[in-house]
Amino acid sequence: MPTELRKLRTLVAKGLAATDAMWPAIRIAYGWVHQAARILENEDEAPGGEVRHRLEHLLAEMRA
């Protein structure tokens, strides 16, 4: 393997090891962002009050 690729692999491995403890929280937050996006897309064309209720429910879940 070329020297540059070995150096890159080492840097990536160090970065992943340094941030390992953060990944569970990042995964949870990533899911919340996608849930919020689906709510705000409002594909079923729910009334604004229903969309607000759904989003408030998600925000309550996030706070908990």
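Before reading on, note that the structure itself is shown above.
Anyway, here's the lowdown on the structure attached to this text. (Residues numbered from 1 in each chain as written. Predicted model: local features only at pLDDT ≥ 70, side-chain atom pairs only at ≥ 80, totals over all residues. Heavy atoms only, no water.)

**Notes on a nonpolar patch on the surface**
This is how it is decided: Note that patches include only residues with greater than 30% relative accessible area and no salt bridge, and the join distances are 9 Å for like charges and 5 Å for nonpolar side chains (Val, Leu, Ile, Met, Phe, Trp, Tyr). Per-residue and other accessible areas were derived by the Shrake-Rupley procedure at a 1.4 Å probe size, with only the shown protein chains allowed to occlude residues. A carboxyl oxygen of Asp or Glu within 4 Å of a side-chain nitrogen of Lys or Arg is what we treat as a salt bridge. Segments assigned H or I by DSSP are reported as helices when at least four residues long, segments assigned E as strands when at least two residues long, and all are numbered from the N terminus. Note on classification: 1.4 Å probe, protein chains only; a residue is buried when its accessible area is under 20% of the maximum for its type, exposed when over 50%, partly exposed between these limits.
Together, M1, L5, L8, V12, L16, M22, W23 and I26 give the surface a local cluster of nonpolar side chains, amounting to about 760 Å² of exposed area. Mapped onto the nonpolar patch, the elements with two or more residues apiece are α1 (3-18) and α2 (23-41). Note on placement: W23 falls in helix α2. The exposure class of W23 is partly exposed, given its relative accessible area of 34%.

**Considering the pattern of salt bridges**
On inspection of all chains with the given rule, the structure shows 2 salt bridges. With its nearest N and O atoms 3.0 Å apart, the salt bridge here joins R54 to D44. Of this pair, R54 sits in helix α3 (residues 48-63) while D44 sits in the loop between α2 and α3, placing them 10 residues apart in sequence. Of the residues examined, R54 reaches a relative accessible area of 26% and is grouped as partly exposed.

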